[in-house]
Amino acid sequence: MAPSVSELTAQVTETSDKVAQLKLDAADKQGSDPSYPFYYPYYDLNEKWPPTQVYEHVDPGLKADPAKPHLLTPETKLNHISPYLGTEIAGIQISQLSEEGLDELALYAAERKVLIFRDQDFKDIDADRQIELTQRFGRIHRHPTSGNVKVYRDAEHDVLKQILPDHRINRTQWHSDVSYEKQPAGTTFFFVLDQPEVGGDTLFGSQVEACKRLSPEFQKRLEGLRAVHSAHEQAEASRRRGGPVRREPIEPEHPLVRRHPVTGEKALYLNTGFTRRIIGFKTEESDYLLKFLFDHIAKGADFQIRASYRPGTVVVWDNRVTVHSATGDFDLAERRHAVRLTPQAEVPIPA
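Per an unreviewed UniProt entry, the protein carries the name Unplaced genomic scaffold PAXINscaffold_18, whole genome shotgun sequence and comes from Paxillus involutus ATCC 200175. Regarding the protein, the UniProt comment filed under Sequence similarities (unreviewed entry) reads as follows: "Belongs to the TfdA dioxygenase family."

Structure, rendered in structure tokens:
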């Protein structure tokens, strides 16, 4: 699970001494400095935050022109990866989109679920501008346990090892980012700064198509059910490895099937990372139903894609209607350094 990015400029001065030491450590271990030391992970064990307050979220996609003239210009090149999700986009810069273009980006991300922008300058623009652009999609989430400001993976900071230890057969873990929040993630931005020579992609699956594949009668049975999404396990895992717990973990209830506020599409809303039990069901009943749905989502290769990264790639996806998983298929001695900006969306709407 990728940590979040927030308050970039404010935290640089606080971490300057740590950055210097980490730079030396990384150089000793891997023979080179990271390309973007500004985005080093920031961990303060004494940092504490109050509970996140619910705010009114209005999705910018609701204001967008369905024709998307500011996003899908004559210069824009599209390559659809799957009928259900995933479109590669070239010929346009996110950093140069107008307000109308950003609204259209929100709509297109909701429709296509995952957008893979190539040849972007996004990682090189000012951090304030990054925040300004992504705040249009919602309040930026500050992660309670992970390395805020950045995601950092190398021999010294291997998040994959921390999250998925050796007792797991594989490192795939389908999830929707911070679904344990009262207002979970919506339109999300992710870009890689340093990447391994081979591997380190991200798998994405459509929760809309996963829902459609179920029989109409089964869908009806799921609608109206609610499930608990827990932050406790992530908090405890951070404590065990000596990491921070900046905000006390919560366990909100969310609909098992949610409706997207812009497209109106119905999507399953559960994941192995955070969904723990179904309200009103006995333990065995809940476990069996969740296992069936988890397996259905994980095995649906025909409504999944694999997003690859190359220099300048920015992936934008809608966490409300997708699940994703990192792929731990690269040499963990190599550096994989990435950034995620995670705007929070509305309180999930029941189908």
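Undergrad: Help me understand the nonpolar core in this model?
TA: One broad trend across soluble globular proteins is that nonpolar side chains are buried collectively. The biggest cluster of nonpolar side chains holds 26 residues, and the ones touching the most others in it are Leu105 and Phe117. Within the residue set of this core, elements represented by two or more residues are helix H3 (99–112), strand E3 (114–117), helix H4 (127–135), strand E6 (187–194), strand E14 (314–318) and strand E16 (336–341). The element best represented in this core is H3, accounting for five residues. Contacts of Leu105, omitting those with residues within four sequence positions, involve Leu71, Ile94, Leu97, Leu115, Phe117, Phe137 and Phe189. Leu222, Val257, Leu268 and Phe294 belong to the second largest nonpolar core, which has 20 residues in total.

Undergrad: What am I meant to see in the sheet that holds strand E7 (residues 202–206) here?
TA: The strand order E13-E7-E15 describes an open sheet built from three strands, whose pairing is antiparallel. This sheet does not close on itself; its edge strands, each paired only once, are strand E13 (304–307) and strand E15 (322–326). The mean angle between the axes of side-by-side strands here comes to 20 degrees, regardless of whether they run parallel or antiparallel. Taken together, the four bridges between E7 and E13 define a ladder with antiparallel strand orientation. Its bridge partner lying in E13, Leu203 is registered against Arg306.

Undergrad: I would appreciate a short explanation of the confidence of the model for the protein in the present structure.
TA: Regions with low pLDDT should not have their predicted coordinates read in detail. Confidence in the prediction of the protein, expressed as mean pLDDT, is 85, and 82% of residues score 70 or more. Within the model, the stretch residues 1–30 combines pLDDT values under 50 with 78 contacts to residues more than four positions away or in other chains.

Undergrad: What exactly am I supposed to notice about the environment of Gln135 here?
TA: Residue position: Gln135 is located in helix H4. C-alpha separation for the pair Gln135 and Pro343, spaced 208 residues apart in sequence, amounts to 6.5 Å.

Undergrad: What am I meant to see in the packing of aromatic side chains here?
TA: For any two aromatic rings, the description comes down to two numbers: the centre-to-centre distance and the angle of the planes. Summed over the entire model, instances satisfying the criterion amount to eight aromatic pairs. Ring geometry for Phe122 and Phe191: centres 5.3 Å apart, planes at 75 degrees, overall edge-to-face. Here the residue Phe122 occupies a position in the loop between E3 and H4, and Phe191 occupies one in strand E6, the gap between them amounting to 69 residues. Like Phe122, the residue Phe191 is buried in the burial classification. Among the aromatic residues, those joined into a ring-pair cluster are Phe122, Phe137, Phe189 and Phe191.

Undergrad: Explanation requested: the pattern of salt bridges in the structure shown.
TA: Two side chains with opposite charge may pair up if their charged atoms get near one another. One pass over the structure, following the stated rule, counts 26 salt bridges. Between Arg276 and Glu233 there is a salt bridge, with the nearest N and O atoms lying 2.9 Å from each other. A residue pair is termed long-range when its members are at least 10 positions apart, and Arg276 in strand E12 (residues 275–278) and Glu233 in helix H8 (residues 232–240) qualify at 43 residues. Assessed through its relative accessible area of 27%, Arg276 is described here as partly exposed. Two residues, Arg277 and Glu251, come together in a salt bridge whose shortest N-O distance is 3.9 Å. Of this pair, Arg277 sits in strand E12 while Glu251 sits in the loop between H8 and strand E9 (253–255), and the two are 26 residues apart along the sequence. Of the residues examined, Glu251 reaches a relative accessible area of 36% and is grouped as partly exposed.

Undergrad: So what exactly am I meant to see when it comes to the sheet that holds E12 here?
TA: Think of a sheet as strands paired side by side through backbone hydrogen bonds, with each pair either parallel or antiparallel. Read from one edge of the open sheet, three strands run E9-E8-E12, paired in antiparallel fashion. On the outer flanks of this sheet lie E9 and E12, each paired with one strand and no other. This sheet shows a mean twist of 40 degrees between the axes of neighbouring strands, independent of strand direction. Note that strand E8 (residues 226–229) and E12 share three bridges and pair antiparallel.

About the cut-offs
Residues numbered from 1 in each chain as written. Predicted model: local features only at pLDDT ≥ 70, side-chain atom pairs only at ≥ 80, totals over all residues. Heavy atoms only, no water. UniProt positions renumbered as here; feature names shortened; annotations may be inferred. Core = buried A, V, L, I, M, F, W, Y, C linked by side-chain atoms within 4.5 Å. Buried < 20%, exposed > 50% of the residue type's maximum accessible area, 1.4 Å probe, protein only. Helix = DSSP H or I, 4+ residues; strand = E, 2+ residues; numbered from the N terminus. Contact = heavy atoms within 4.5 Å. Pairing = 2+ DSSP bridges. Axes fitted to C-alpha atoms, helices over the stretch in contact; angles between N-to-C directions. pLDDT = per-residue confidence, 0-100. Phe/Tyr/Trp six-rings, centres within 6.5 Å; stacked < 30°, edge-to-face > 60°. Salt bridge = Lys/Arg side-chain N within 4 Å of Asp/Glu carboxyl O.

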